Amino acid sequence: MSLRIVVTVKYVPDATGDRHFADDLTVDRDDVDGLLSELDEYAVEQALQISENADDAEVTVLTVGPEDAKDALRKALSMGADKAIHVEDDDLHGTDAIGTSLVLAKAIEKAGYDLVISGMASTDGTMGVVPALVAERLGVPQVTLLSEVSVEGGVVKGRRDGDAASEQLEAQLPAIVSVTDQSGEARYPSFKGIMAAKKKPVESWDLSDLDIEAEEVGLDGAFTKVEAANERPARTAGTIVKDEGEGGKQLAEFLAGQKFI
Ligand SMILES: Cc1cc2nc3c(=O)[nH]c(=O)nc-3n(C[C@H](O)[C@H](O)[C@H](O)COP(=O)(O)OP(=O)(O)OC[C@H]3O[C@@H](n4cnc5c(N)ncnc54)[C@H](O)[C@@H]3O)c2cc1C
């Protein structure tokens, strides 16, 4: 039977661009370019490698996000994923991690899965909690922060590297894993892959397709609320210490004045 792998991929604002909060203190996603979260590229890569080593496997990439989030799906499809699901609904605006996990869990259930692979964290929210929340909602084992992962005989195995030791972990499928940026370089889409991606299926679902009420998500359903946000102050000109024989002393005084030493 085919191994059904679902990879959760997030469309995030480009970290190299200027980012702002909107009037309702949510992240302004309309005026910034976005892209597939770099950390989720590792999840796609691991899914593709597992799929290539399996007799029969299918990789579905899933995102919850605005219209432009389709770009993240296209990138994952051009890397080699088989199909994509985009959950989009105006009522999702302002959804927090708990709400996002509800939408992802319902979509994963509807898609059908044996293994879910997530990134270790998104590059914008960086909470690193969504895989655990989704595991709890699905009622399946979670094996998080793996730097090596494989599937054999209905079991997912992997290595989690800590500061003091490396752990070998395994779980019976169905399960959810998250992979780190140490799991292996993500492949670049080939020209053939980019062309093939244009023909791959992308399904669009909204909240009603997932039997989720608007109140369960969005700003109103969020458990977390941003009370205030301020622009980061513009960079000021730095202090230049000219070395005219006293440079070292002046530098030490400056560092001491800033309480660095
Ligand atoms: C439609 C929508 C509107 C949002 N609006 C706002 C907003 O206005 N203001 C605001 O501050 N935040 C908003 N969010 C962000 C939302 O709060 C975060 O997605 C959520 O808190 C998850 O936190 P994180 O990104 O830190 O996830 P982490 O726990 O760091 O993510 C870990 C992994 O979970 C998976 N994952 C996380 N999010 C998604 C996703 N959306 N789709 C697929 N996979 C995912 C990825 O595999 C990722 O690597 C919105 C999200 C959505 C989907």
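Refer to the preceding data block for the structure.
Residues numbered from 1 in each chain as written. Predicted model: local features only at pLDDT ≥ 70, side-chain atom pairs only at ≥ 80, totals over all residues. Heavy atoms only, no water.

A.B. asks: What should I look at first to understand helix 2 (residues 70–79) in this one?
C.D. replies: Residues spaced three or four apart along an α-helix point in a common direction, a consequence of the helix completing one turn every 3.6 residues. Taken as a whole, helix 2 has its buried residues at Ala72, Leu73, Ala76, Leu77, Ser78 and Met79. Downstream of helix 2 by a residue or two, Gly80 has a phi angle that is positive, lying close to 140°. (Buried < 20%, exposed > 50% of the residue type's maximum accessible area, 1.4 Å probe, protein only. Helix = DSSP H or I, 4+ residues; strand = E, 2+ residues; numbered from the N terminus.)

A.B. asks: Please clarify how the site of the ligand should be interpreted in this entry.
C.D. replies: Close to the ligand lie 31 residues; Lys10, Thr26, Asp40, Thr95 and Ser122 are nearest. The contact in question runs from a nitrogen atom of the ligand to an N or O atom on the backbone of Gly94, over 3.1 Å. In the environment of the ligand, an oxygen atom lies 2.7 Å from a nitrogen or oxygen atom belonging to the backbone of Gly128. About the coverage of the ligand: the protein hides 92% of its 900 Å² of free accessible area. Elements with a minimum of two residues in the shell around the ligand: strand 4 (57–64), helix 3 (97–111), strand 6 (115–119) and helix 4 (130–138). Tallied by class, residues from the shell around the ligand come to 12 nonpolar, 14 polar and five charged. (Near = heavy atom within 4 Å. Polar contact = N/O pair within 3.5 Å; in protein donor to acceptor, adjacent residues only side chain to side chain. Areas by Shrake-Rupley, 256 points an atom, 1.4 Å probe, with all protein chains shown as cover. Nonpolar A, V, L, I, M, F, W, Y, C, P; charged D, E, K, R; others polar.)

A.B. asks: What am I meant to see in helix 4 here?
C.D. replies: Every buried residue of helix 4 is accounted for by Pro131, Val134, Ala135 and Leu138. The arc that holds the buried residues of helix 4, viewed along the axis, is 105°, so those residues lie on one side. Of the surrounding elements, those touching the buried residues of helix 4 are helix 3, strand 6, strand 7 (142–146) and strand 11 (175–179). Two residues or fewer past helix 4, Gly139 is found with a positive phi of approximately 70°. (Arc of directions from axis to C-beta. Contact = heavy atoms within 4.5 Å.)

A.B. asks: Hey, could you run me through the side chain of Asp40 in this one?
C.D. replies: With respect to the secondary-structure elements, Asp40 resides in helix 1 (residues 38–53). Although Asp40 lies buried, it forms no salt bridge, and the closest oppositely charged side chain, Lys10, sits 7.9 Å away as judged by the N-O distance. Within polar-contact distance, the side chain of Asp40 engages the backbone nitrogen of Lys10 at 2.7 Å. In contact with Asp40, other than residues within four places in its own chain, are Thr8, Val9, Lys10, Gly119 and Ala121. (Lys, Arg positive; Asp, Glu negative; His and termini not counted. Salt bridge = Lys/Arg side-chain N within 4 Å of Asp/Glu carboxyl O.)

A.B. asks: Would you mind going over empty space enclosed by the protein with me for this structure?
C.D. replies: Taking a probe equal in size to a water molecule and rolling it over the atoms shows the remaining empty space. For the structure on display, the rule yields one cavity of 30 Å³ or more. Estimated volume of the largest cavity: approximately 40 Å³. Residue lining of the largest cavity: Tyr11, Val12, Pro13, Arg29, Val32 and Gly34, and that is the complete set. (1 Å grid on protein atoms, 1.4 Å probe; cavity = no way out; pocket = protein on both sides within 12 Å on 5 of 7 lines; lining within 4 Å. Points joined across faces, edges and corners; volume = space filled by probe spheres on them.)

A.B. asks: Please explain the sheet that holds strand 9 (residues 155–161) as it appears in this structure.
C.D. replies: Two pairing modes exist for strands in a sheet, parallel and antiparallel, and in both the strands are linked by backbone hydrogen bonds. Taken in spatial order, the three strands make up an open sheet running 8-9-10, and their pairing is antiparallel. With partners counted over all chains shown, the strands left at the sheet margins are strand 8 (148–152) and strand 10 (166–172), one partner each. Each strand axis lies, on average, 20° off the axis of its neighbour in the sheet, ignoring direction. Where strand 9 meets strand 10, seven bridges bridge the pair, whose relative direction is antiparallel. By the bridge assignment for strand 10, Val155 is matched with Gln172. (Pairing = 2+ DSSP bridges. Axes fitted to C-alpha atoms, helices over the stretch in contact; angles between N-to-C directions.)

A.B. asks: Please clarify how the pattern of salt bridges should be interpreted in this entry.
C.D. replies: Once their charged atoms are close, side chains differing in charge can pair, the charge on each being opposite to the other. Going through the model one piece at a time under the given rule, you end up with 12 salt bridges. One salt bridge in this structure joins Lys249 and Glu246, with 3.9 Å as the shortest N-O distance. With a relative accessible area of 42%, Glu246 lands in the partly exposed category. In this structure, a network of salt bridges that share partners links the residues Glu45, Glu52 and Arg187.

A.B. asks: Before we go on, may I ask you to explain the nonpolar core in this structure?
C.D. replies: Soluble, globular proteins show a tendency: their nonpolar side chains are buried together. If you look at the biggest cluster of nonpolar residues, it comprises 38 residues, and the most contacted ones within it are Ile5, Val7, Val44, Val61, Ile117, Val156 and Val177. Top element by residues in this core is helix 1. It accounts for seven residues. Excluding its chain neighbours within four sequence positions, the residues that come into contact with Val156 are Leu115, Val149, Ser150, Val151, Leu169, Glu170, Ala171, Leu173, Ala175 and Val177. Listed in part, the 23 residues of the second largest apolar core include Val6, Ala105, Ala135 and Val140. (Core = buried A, V, L, I, M, F, W, Y, C linked by side-chain atoms within 4.5 Å.)

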